[in-house]
Amino acid sequence: MEEEIGELRRCWPRSVAGGEFALCDAFYFCRKGIESIVEDEVTQRFTSEELASWNLLTRTNNNFHYISVRVTIIWGLGLIVRYCILAPLRITLALIGLSWLVIGTTLVGLLPRSSGKNWLSDLIHLTCYRICARGLSATVRYHNKENRPKKGGICVANHTSPIDVVILANDGCYAMVGQVHGGLMGVIQRSMLRSCPHIWFERSEMKDRHAVANRLKAHIADKTKQPILIFPEGTCINNTSVMMFKKGSFEIGGTIHPVAIKYDPQFGDAFWNSGKYNMVSYLLRMMTSWAIVCNVWYLPPMTRQEGEDAVHFANRVKSAIARQGGLVDLSWDGGLKREKVKETLKEEQQKMYSSMVVG
């Protein structure tokens, strides 16, 4: 801000002292406002990524398949293949994977605690997630496997979709963290908890940061338990950027294992726009895409440095993930997807300008 306003003042006919208000300063704020209206760097992260070329999916362009008869025929054949051949097979695989997950984890949960029970639990989780990944026609390349999260650690990754869990659990076992649900999701959660120490919170507990932190600390203190999987952004971003990481995951101590996930939108858009599609509609879109293609990079483990607070540590991890995944590193809160800009952010800009004028 200071550099741009300083440039405007140098072009102003009348010289302005550093501690004075200049009418030309208003042009800076007008320009920033117009830029935000035309194309701001926040709200465009909550919509699907623009493709350079059409991938024959209706959802990515509603007009291209009417350009010529040839393109229309190709699009029609693709529609038949995706909906009449691929979708039924994928839905069948997904149902098999989920059924085996519920049945297998329930049976393993009946066994006494032992290393054999842990081995069976890991085997069932891996098998089920791999079946579900096949149900999405997921093609995943894992890089730097020597850096895979270790037991007693915390795995943090950028968040694009609920299937991020399937993509990561396809290559290793994790302890999930989340809110207790009802219905089918609740049945799956309860069965998983019987065989593996996942961390499910009641709605009332989720509001108590200390209760959440204590349960997470107790989990990572036990080096025999699977690493915790957390998405610090707190919401789904369209895989073009990484937004602000919530500091809670970085306050509890322990080793952080950063993971960068980058999807290829040419074969299918993995981004979940929760404001536009419910979970069932979203999964149907995934199963009628060509495929889910992505790269996963395991980054070297990171720990909090001496004198470093949780916010700076979170930003350091976020920058490493963005740099590895080729994503834009943004400091904005992903909560802006559902909320208005906080007054504190407005006041921060006002304070910056007043410090220039007042000194």
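What you see is a predicted model, and the numbers here were worked out from it, not measured in a lab.

## Points about the nonpolar core
Here is step 1: By size, the foremost hydrophobic cluster in this structure holds 39 residues, and its most contacted members are I163, L168, M176, V259, Y263 and V296.
Here is step 2: The contact partners of I163, leaving out residues within four places of it in the chain, are L136, Y263, A270, Y282, M286 and I292.

## A closer look at the packing of helix 4 (residues 115–135) against helix 6 (residues 183–195)
Here is step 1: Packing of helix 4 against helix 6 leaves a shortest axis separation of 9 Å and a crossing angle of 145°. Residues K117, S121, H125 and Y129 of helix 4 form the contact with helix 6, whose own contacting residues are M192, R194 and S195.
Here is step 2: Counted by class, the contact of helix 4 with helix 6 contains two nonpolar, three polar and two charged residues.

## Quick look at a nonpolar patch on the surface
Here is step 1: Residues V69, I73, L77 and I80 make up a contiguous nonpolar surface patch of roughly 400 Å² in combined accessible area.
Here is step 2: Residue classification places I73 among the partly exposed residues on the basis of a relative accessible area of 48%.

## Some remarks on the packing of aromatic side chains
Here is step 1: By the definition in use, this model includes four aromatic pairs.
Here is step 2: Note on F250 and F313: the rings are 5.5 Å apart at their centroids and 80° apart in plane angle, and the pair reads as edge-to-face. Of the two residues, F250 is situated in the loop between strand 6 (241–242) and strand 7 (256–264) and F313 in helix 10 (residues 310–325); the sequence distance between them amounts to 63 residues.
Here is step 3: For F250, a relative accessible area of 2% gives the class buried.
Here is step 4: Seen from their ring centres, W272 and Y282 are 5.9 Å apart, and the 45° between their planes marks the pair as tilted. Separated by ten residues along the polypeptide, W272 in the loop between strand 7 and helix 9 (279–287) and Y282 in helix 9 bring together distant segments of the chain. No difference in accessibility class separates W272 from Y282, as the two residues are buried.
Here is step 5: Across the ring face of W290, the terminal group of R82 is positioned such that the distance to the ring centre comes to 5.3 Å.
Here is step 6: Sitting over the ring of Y277, R285 keeps its end group 4.1 Å from the ring centre.

## Considerations on the pairing of strand 8 (residues 292–298)
Here is step 1: Burial runs high along strand 8: six of the seven residues are buried.
Here is step 2: Note: strand 1 (residues 138–143) against strand 8, six bridges, orientation parallel. Bridge pairing links A138 to I292 in strand 8.

## Section: the pairing of strand 2 (residues 154–157)
Regular strands place their side chains on alternate faces of the sheet.
Here is step 1: Side chains of strand 2 alternate between two faces, with I154 and V156 and C155 and A157 buried alike.
Here is step 2: By the bridge criterion, three bridges tie strand 2 to strand 5 (residues 228–230) in an arrangement that is parallel. Across the sheet, C155 pairs through a bridge with L229, a residue of strand 5.
Here is step 3: Sheet topology note: the strand 2/strand 7 ladder contains four bridges and is parallel. Of the residues in strand 7, the one forming a bridge with V156 is P258.

## Notes on the side chain of D164
Here is step 1: Its location among the elements puts D164 in helix 5 (residues 164–169).
Here is step 2: Assessed through its relative accessible area of 0%, D164 is described here as buried.
Here is step 3: Polar side-chain contacts of D164 include one of 2.4 Å to the side chain of Y263.
Here is step 4: If near-sequence neighbours (up to four positions away) are discounted, D164 is found in contact with N158, H159, F231, I261 and Y263.

## Let's talk about the pattern of salt bridges
Here is step 1: For the coordinates displayed, the defined rule picks out five salt bridges.
Here is step 2: With its nearest N and O atoms 2.9 Å apart, the salt bridge here joins E308 to R316.
Here is step 3: Residue classification places E308 among the buried residues on the basis of a relative accessible area of 14%.
Here is step 4: Among the ionic pairs, D329 bridges to K318, the shortest N-O distance being 2.3 Å. Note that D329 is positioned in strand 9 (residues 328–329) and K318 in helix 10, a separation of eleven residues in sequence.
Here is step 5: Here the salt bridges share partners, and the residues they tie into one network are K145, R148 and D171.

## Here's the deal with the state of the cysteines
Here is step 1: Per the counting criterion, the structure on display carries zero disulfides.
Here is step 2: Here C128 is not cross-linked by a disulfide; its sulfur's nearest cysteine counterpart is in C132, at 6.8 Å.
Here is step 3: C173 forms no disulfide, and the closest cysteine sulfur to it belongs to C196, at a distance of 7.1 Å.

Rules used throughout
- Residues numbered from 1 in each chain as written.
- Predicted model: local features only at pLDDT ≥ 70, side-chain atom pairs only at ≥ 80, totals over all residues.
- Heavy atoms only, no water.
- Core = buried A, V, L, I, M, F, W, Y, C linked by side-chain atoms within 4.5 Å.
- Buried < 20%, exposed > 50% of the residue type's maximum accessible area, 1.4 Å probe, protein only.
- Contact = heavy atoms within 4.5 Å.
- Axes fitted to C-alpha atoms, helices over the stretch in contact; angles between N-to-C directions.
- Helix = DSSP H or I, 4+ residues; strand = E, 2+ residues; numbered from the N terminus.
- Nonpolar A, V, L, I, M, F, W, Y, C, P; charged D, E, K, R; others polar.
- Patch = residues over 30% accessible without salt bridge, like charges linked within 9 Å, V, L, I, M, F, W, Y side chains within 5 Å.
- Areas by Shrake-Rupley, 256 points an atom, 1.4 Å probe, with all protein chains shown as cover.
- Salt bridge = Lys/Arg side-chain N within 4 Å of Asp/Glu carboxyl O.
- Phe/Tyr/Trp six-rings, centres within 6.5 Å; stacked < 30°, edge-to-face > 60°.
- Lys NZ or Arg CZ within 6 Å of the ring centre and 35° of its normal.
- Pairing = 2+ DSSP bridges.
- Polar contact = N/O pair within 3.5 Å; in protein donor to acceptor, adjacent residues only side chain to side chain.
- Disulfide = S-S within 2.5 Å.

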